[in-house]
Each structure stands twice: as structure tokens, then as C-alpha cells.
Amino acid sequence: MESIQEIKARLEGCDLKNLPEVLAEYGMDSRKGVIRLLKQYAMRYEKLKAEELRLDHMLDYEREYGAYTYIAGIDEAGRGPLAGPVVAAAVILPKGLKIMYLDDSKKLTAARREELFDVIMEKAVSVGVGQSSPEVIDQVNILQATYLAMKEAVSKLSQEPDLLLNDAVTIPDLSVRQVPIVKGDGKSLSIAAASVIAKVTRDRMMMAYDSLYPAYGFAEHKGYGSRKHIEVLKSTGPCPIHRRSFIKNFCEGFD
């Protein structure tokens, strides 16, 4: 008779599609440890199956436009903060690729985003990143600055895309076909990948800015208008990476 540890090792190394069959093999084992183990792995199987189904739905748009060879997902991070750049990413994934747990970056923990960033960078056909500085945001407004960052991201792709799946927007002055998808970062795996790349890239930039301007707490809030951030703005005034057009109500009297 196999030991519980031997059974666990076999279950751990089992492919998802074969797991129900292996679980059934031990269904008559009355040992409490085996029963607990089977229940644990049966629950894991159901969660993995649900994740596979979710990922399959996240490829609906990629399948709908499957006649296109290179589909790039486009998304941005940082439209709302009071400080720092807006960052955009363009990501072309291999056709049909499913990356476990990839989702809208806002739904993921920071640790999960970091893990997925590395996976995306390793597996993607191409990744491009663009940004617009606070100065550009103040000059042209946040929407136009976001478009500029997105166009830069597309231009930095090593493989020219023949279709863009965008999170909600249509980028002006691009010849490639675009499909805007409302809340696309939760509906398209390509856009979700772009959202993770943009978010992690920007968060890392804000962490670096935190070491330059430690009073503002950028490592904590990434430039968003937290209570602490606004209090420091009111008492100390802005630093070089603040968006002047965003902070007028908090910084009267400061240059």
C-alpha cells in the first residue's frame, strides 16, 4: 500500500486533465489522511478548472479576430495620480497562450503582478512601453498625454502589429486597425498583459522617485491622492514630478 506521502507526490505531479482519474483510484482508501488529501486536491482541481475556463473566455476577442497574425493589447497606468508619468504598454502574446492568473492588474496583488510581469516578458512575442512626463501631461492634458504614451508603446514593438485591442480608447493618428473594448483589461488576455506591464513599470518608477523625494510617500501611494499625500502637498508644496494641472486646489501659493 502506498504511503500518504507517496500518494501526495503522485497527485502533485499529475496533469490537470488526468487528476480526476487519479483521485478516483484512491477513492476506496479509508485512511483519514488520504481522505483529507483527496478532498484537498479535488478542491484544487475545481479551482484550476474554473481558472482555465476564465482564461478561455479572456481569449474570446483574440479568437474573434483570429485572422490577424499579430494582435497587440494596449493599456495604461497612471491617468489619475497627482504625480509621476502616465505609462502605456503594448503586448503581443503568442496565439492561444494562456498565462495562469493573468487578469486586470487592478484585481491582482503587487506580488502577483511582479510574478506575471516576468512571465509576460519571457513569453510575449513583443512588448513596448511608452510614457508621458508630468510636464507633457500639464501641456496637452491627460487624455492626449495618454495617447502619446500609447503611440510610443506601439512604436517600440519589435514586431509590427496588424490589430490593436485597446482598453476603451481609440488612439488617434495610427494606421493599424483598432478595436476599443470597454473594461478590456478584464475581457482580453492581451490587454490584461499590457495592464500588468504598464502598472508594474510605473510602480517601479514611483518607487525610485520615492528615494529622491521621500517626504511624499510615493512608494506607498504611487502618486495617487491619498490623505497623507495631500497633507504633505498642502504643507510643503509640490516636487518636480507633480502634475501642476492636477494639484491647483492643494498648492495655492506654491510655484
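Quick notes on the rules
Residues numbered from 1 in each chain as written. Predicted model: local features only at pLDDT ≥ 70, side-chain atom pairs only at ≥ 80, totals over all residues. Heavy atoms only, no water. Helix = DSSP H or I, 4+ residues; strand = E, 2+ residues; numbered from the N terminus. Buried < 20%, exposed > 50% of the residue type's maximum accessible area, 1.4 Å probe, protein only. Contact = heavy atoms within 4.5 Å. Lys, Arg positive; Asp, Glu negative; His and termini not counted. Charge placed at Lys NZ, Arg CZ, Asp CG, Glu CD. Phe/Tyr/Trp six-rings, centres within 6.5 Å; stacked < 30°, edge-to-face > 60°. Lys NZ or Arg CZ within 6 Å of the ring centre and 35° of its normal. Pairing = 2+ DSSP bridges. Axes fitted to C-alpha atoms, helices over the stretch in contact; angles between N-to-C directions. Core = buried A, V, L, I, M, F, W, Y, C linked by side-chain atoms within 4.5 Å. Parallel < 35°, antiparallel > 145°, perpendicular 65-115°, else oblique. Nonpolar A, V, L, I, M, F, W, Y, C, P; charged D, E, K, R; others polar. Expected span 1.5 Å × (residues − 1). Polar contact = N/O pair within 3.5 Å; in protein donor to acceptor, adjacent residues only side chain to side chain.

1. Things to note about the overall build of the chain
A count of helical and extended segments in the chain gives 10 helices and 5 strands. By principal-axis analysis of the C-alpha atoms, the chain measures approximately 80 × 45 × 25 Å. A total of 255 residues make up the chain; the buried ones form 46% of that total. Considering only contacts in the chain between residues 6 or more positions apart, those separated by 24 or more positions represent 66%. Positive and negative side-chain charges of the chain, numbering 35 and 36 respectively, have mean locations separated by a distance of 4 Å.

2. A closer look at the packing of aromatic side chains
Think of a pair of aromatic rings as described by two things: how far the centres are apart, and how the planes are tilted against each other in angle. If you walk through the whole model with that rule in mind, you get 2 aromatic pairs. Ring centres of Tyr 65 and Tyr 68 lie 6.5 Å apart, and the angle between their planes is 55 degrees; this geometry places the pair in the tilted category. For Tyr 68, a relative accessible area of 23% translates into the label partly exposed. With centroids separated by 5.5 Å and ring planes inclined at 15 degrees, the aromatic side chains of Tyr 216 and Phe 218 adopt a geometry described as stacked. With respect to class, Tyr 216 is no different from Phe 218; both count as buried. Geometry around Tyr 41 places Arg 44 over its ring, the cationic atom sitting 4.5 Å from the centre. Positioned above the aromatic ring of Tyr 101 is the side chain of Arg 112, whose terminal nitrogen or guanidinium carbon lies 4.4 Å from the ring centre.

3. Overview of the sheet that holds strand S4 (residues 163-167)
Taken in spatial order, the 5 strands make up an open sheet running S3-S2-S1-S4-S5, and their pairing is mixed. On the outer flanks of this sheet lie strand S3 (126-132) and strand S5 (178-181), each paired with one strand and no other. Along the sheet, successive strands turn relative to each other by an average axial angle of 20 degrees, direction set aside. Lying on the sheet, helix H8 (residues 189-212) is in contact with strand S1 (71-77), strand S2 (86-92), S3, S4 and S5; it crosses S1 at an angle near 35 degrees.

4. A closer look at the nonpolar core
Counting residues in each nonpolar core, the largest one holds 24 residues, and the members touching the most others are Val 91, Leu 102, Ile 120 and Val 196. Elements with a minimum of two residues in this core: S2, helix H5 (110-123) and H8. In terms of residues, this core owes the most to one element, H8, which gives 9 residues. Those residues in contact with Ile 120, other than ones at most four positions away along the chain, are Val 91, Ile 99, Leu 102, Ala 193, Val 196 and Ile 197. The next biggest cluster of nonpolar side chains, apart from the first, holds 15 residues, and it includes Ala 88, Met 150, Ala 153 and Ile 171.

5. A few points about the packing of helix H1 (residues 4-12) against helix H3 (residues 32-57)
Two elements in contact, H1 and H3, have axes whose closest approach is 10 Å; the angle formed by their N-to-C orientations is 10 degrees. By the criterion of interaxial angle, the relationship of H1 to H3 is roughly parallel. Within the contact between the two elements, H1 uses Ile 4, Ile 7, Lys 8, Leu 11 and Glu 12 and H3 uses Gly 33, Val 34, Leu 37, Leu 38, Tyr 41 and Arg 44. Taken together, the residues of the contact of H1 with H3 sort by class into 7 nonpolar, 1 polar and 3 charged.

6. Here's the deal with the pairing of S4
Successive side chains on a regular strand alternate, one facing one side of the sheet and the next facing the other. Here S4 lies mainly inside the structure; 5 of its 5 residues are buried. Residues Leu 163, Leu 165 and Asp 167 line one face of S4 and the alternating positions Leu 164 and Asn 166 line the opposite face, and both faces are buried. Sheet topology note: the S4/S5 ladder contains 4 bridges and is parallel. Considered in S5, the bridge of Leu 164 is made with Gln 178.

7. Observations concerning the pairing of S3
Side chains Ser 126, Gly 128, Gly 130 and Ser 132 project from S3 onto a buried face, and the interleaved Val 127, Val 129 and Gln 131 project onto a face without burial. In the sheet, S2 pairs with S3 via 7 bridges, with the strands oriented antiparallel. Looking at S3, one finds that Val 87 is bridged to Gln 131.

8. Thoughts on helix H7 (residues 142-155)
Between the first and last C-alpha of H7 there are 20 Å, a value that for 14 residues agrees with the 20 Å anticipated at 1.5 Å per step. All of the buried residues along H7 are Ile 142, Ala 145, Thr 146, Tyr 147, Ala 149, Met 150, Ala 153 and Val 154. In the core, the buried residues of H7 are packed alongside S1, S2, S3, helix H6 (134-140) and S4. The N-cap of H7, judged by a side-chain oxygen 3.1 Å from the amide nitrogen of Leu 143 a few residues on, is Asn 141.

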